[in-house]
Amino acid sequence: MKRRSKLITCLPIFLFFCAPVLAQEALPEYQIKAAYLYNFLKFVEWPEDAFPDPLAPIVIGISGDDPFGNSLPQVVIGKTVQGRDLVIHKYHTGEDMRGAHILFISPSEKKRLPQILSSLRGSSVLTVADAEGFLEAGGMIQFVSENDRVRFAINVDATSKAKLKRSAK
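Nothing here was measured: the structure is a model prediction, and the numbers come from that model.

Novice: Please clarify how the packing of aromatic side chains should be interpreted in this entry.
Specialist: The geometry of an aromatic ring pair is captured by two quantities: the separation of the ring centres and the angle between the planes. Counted according to the given criterion, the structure contains nine aromatic pairs. For the ring pair Tyr30 and Phe68, a centre distance of 5.5 Å and an interplane angle of 90 degrees mean the geometry is edge-to-face. Placement of Tyr30 in helix α3 (residues 29-42) and of Phe68 in the loop between β3 (58-63) and α4 (71-76) is noted, with a sequence separation of 38 residues between them. For Phe68, a relative accessible area of 2% corresponds to the buried category. Seen in terms of ring centroids, Phe68 and Phe104 are 5.0 Å apart; in terms of plane orientation they differ by 70 degrees. Their pairing is edge-to-face.

Below, the structure is given as structure tokens:
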């Protein structure tokens, strides 16, 4: 029996809490995506064993070329989520990415996407990309462009398998 992934598109309540992101006309695409990554952190709960200790930071990982430039650091520097500091780590080919809590897989990694997702199977890493077919490949959140706006869809089955809880906020 073939299981179909449940997809949730951008929820109105989520957008209410992301008001700065809505002024998309004035912001480059990856500034918007950086703000979304930060906001995703607020709406996901990781299992306790995803952190080595109670004071460990949340690791925002980037696999491949960094398309964010200064946008992501500008969004997260000096902020905390769920009482944890935020750090950004750029992962390179061959590096273990299971230390990330949220991992943006860059368009430069398109050919390696199946390998990356396979290496994360069984972990609690929230995977995000803007690659077409990402959700069907087992990714968790896919950015999509709709009417010149950045939206997203969620693979509910993949997040559940990773023991990630979506907040009811």
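Novice: Quick question: what am I supposed to make of the environment of Leu86 here?
Specialist: Inspection of the secondary structure puts Leu86 in strand β5 (residues 84-91). With a relative accessible area of 11%, Leu86 lands in the buried category. Spatially, the C-alpha atom of Leu86 lies 9.7 Å from that of Leu41, the residues being 45 residues apart in sequence. What Leu86 contacts, discounting residues up to four positions off in sequence, is Tyr38, Leu41, Ile58, Ile60, Val76, Lys79, Thr80 and Val81.

Novice: Teacher, can you tell me more about the environment of Pro107 here?
Specialist: Position of Pro107 among the secondary structure elements: in the loop between β6 (102-105) and α5 (113-120). The class of Pro107 is partly exposed, set by a relative accessible area of 43%. Residues Pro107 and Glu132, spaced 25 residues apart in sequence, show a C-alpha to C-alpha distance of 9.9 Å. For Pro107, the residues in contact, after removing those within four places along its chain, are Tyr30 and Asp130.

Novice: Hey, could you run me through the pairing of β3 in this one?
Specialist: The side chains of a regular strand alternate between the sheet's two faces. Across the six residues of β3, six count as buried, placing the element largely inside the fold. Neither face of β3 is open: one carries Ile58, Ile60 and Ile62, the other Val59, Gly61 and Ser63, and all of them are buried. Judged from the four bridges that link them, β3 and β6 form a sheet pairing that is parallel. Each residue of the ladder has a partner; that of Ile62, found in β6, is Phe104.

Novice: Before we go on, may I ask you to explain the nonpolar core in this structure?
Specialist: By size, the foremost hydrophobic cluster in this structure holds 35 residues, and its most contacted members are Phe40, Leu126 and Val128. Elements represented by at least two residues in this core include exactly α3, β3, α4, β6, β7 (126-129), β8 (141-146), β9 (149-155) and α6 (156-161). Ranked by residue count, the leading element in this core is α3, at eight residues. Setting aside its immediate chain neighbours within four residues, Val128 contacts Leu37, Phe40, Ile102, Leu103, Phe104, Ile105, Phe134, Ile141 and Phe143. By size, the runner-up hydrophobic cluster in this structure holds 16 residues, among which are Ala100, Ile105, Val125 and Phe134.

Novice: Explain the environment of Ile88 to me, please; I cannot follow it from the model alone.
Specialist: The topology assignment puts Ile88 in strand β5. Its relative accessible area of 31% is what places Ile88 among the partly exposed residues. Residues Ile88 and Gly61 lie 27 residues apart in sequence; the distance between their C-alpha atoms is 5.8 Å.

Novice: It is not clear to me how α5 should be interpreted in this structure. Could you clarify?
Specialist: Since one α-helical turn is 3.6 residues long, residues separated by three or four positions face the same way. Leu113, Ile116, Leu117 and Leu120 are the residues of α5 that are buried. The arc that holds the buried residues of α5, viewed along the axis, is 95 degrees, so those residues lie on one side. In α5, the exposed positions that point more than 90 degrees away from the buried face belong to Pro114 and Gln115. Looking at the buried residues of α5, the elements they touch are β3, β6 and β7.

Rules used in this analysis
Residues numbered from 1 in each chain as written. Predicted model: local features only at pLDDT ≥ 70, side-chain atom pairs only at ≥ 80, totals over all residues. Heavy atoms only, no water. Phe/Tyr/Trp six-rings, centres within 6.5 Å; stacked < 30°, edge-to-face > 60°. Helix = DSSP H or I, 4+ residues; strand = E, 2+ residues; numbered from the N terminus. Buried < 20%, exposed > 50% of the residue type's maximum accessible area, 1.4 Å probe, protein only. Contact = heavy atoms within 4.5 Å. Pairing = 2+ DSSP bridges. Core = buried A, V, L, I, M, F, W, Y, C linked by side-chain atoms within 4.5 Å. Arc of directions from axis to C-beta.

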